[in-house]
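Overview (structure and organization)
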Amino acid sequence: MAHKIERGVVEKTGDELIQQMIGDILIGLKAKMVRPVMDGNAKITSRLEEFETGNQIRSAEILKQLERLEGEVQKLPLVILTAIRDAINQAGGGDQDEH
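Quantities reported herein were computed from a predicted structural model and do not represent experimental measurements. (Residues numbered from 1 in each chain as written. Predicted model: local features only at pLDDT ≥ 70, side-chain atom pairs only at ≥ 80, totals over all residues. Heavy atoms only, no water.)

1. Some words on the overall build of the protein chain
Check the secondary structure of the protein chain and you find 1 helix and 0 strands. For the protein chain, buried positions account for 2% of its 99 residues. Only carbon and sulfur atoms are counted for the fraction: they give 62% of the accessible area of the protein chain, which is about 9300 Å². (Helix = DSSP H or I, 4+ residues; strand = E, 2+ residues; numbered from the N terminus. Buried < 20%, exposed > 50% of the residue type's maximum accessible area, 1.4 Å probe, protein only. Areas by Shrake-Rupley, 256 points an atom, 1.4 Å probe, with all protein chains shown as cover.)

Have a look at this one:
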C-alpha cells in the first residue's frame, strides 16, 4: 500500500513538473518569438500612421494649390482678351476707352 501512495505522489509530482516545464516553454516562446514580432508590427503600424498623416497633409496642400491654379486659369482668357484689345488699340492708335 505504501508503494501505491508513493507512486501516486511521484506521478502527481511528475505531472506538475511537466506542466511547469510546458509553462516555462510557452513563456520562453512568447518572450523569444511572439513578442519581437508584435513589437515589430507595432513599429510598422506607427510608421504607416506617420506616413498616412504626411500623405494627408501633402494632399491637402496639393488641393489648395490646384484650387489656386484653377482660379488663375479661369482669369487667363480675360487677361489674354485684354492684352489683345490693348495691342489692337495701340497698333491702330485708337482710344482704349472706346468699345
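2. So, the pattern of salt bridges
Taken as a whole and assessed by the stated rule, the structure comprises 3 salt bridges. In this structure, Glu 72 and Lys 75 form a salt bridge, with 3.8 Å as the shortest nitrogen-oxygen distance. One end of the pair, Glu 72, and the other, Lys 75, are both in helix α1 (residues 2-92), 3 residues apart, so they sit about a helical turn from each other. Residue class for Glu 72 comes out partly exposed when judged on its relative accessible area of 44%. Among the salt bridges present, the one from Asp 86 reaches Arg 85, with a minimum N-O distance of 3.3 Å. On the accessibility criterion, Asp 86 (21% relative accessible area) is partly exposed. (Salt bridge = Lys/Arg side-chain N within 4 Å of Asp/Glu carboxyl O.)

3. Structural notes on a nonpolar patch on the surface
Where nonpolar side chains cluster on the molecular surface, the patch consists of Ile 18, Ile 22, Ile 25, Leu 26, Leu 29, Met 33, Val 34 and Met 38 and spans about 740 Å² of accessible area. Mapped onto the secondary structure, Ile 25 falls in helix α1. A relative accessible area of 52% places Ile 25 in the exposed class. (Patch = residues over 30% accessible without salt bridge, like charges linked within 9 Å, V, L, I, M, F, W, Y side chains within 5 Å.)

4. Some details on the environment of Pro 36
Looking at the element boundaries, Pro 36 is found in helix α1. A relative accessible area of 41% means that Pro 36 is categorised as partly exposed. Residues within four places of Pro 36 in sequence aside, it is in contact with Lys 30 and Ala 31. (Contact = heavy atoms within 4.5 Å.)

Scope: geometric values only; no functional claims are made or implied.
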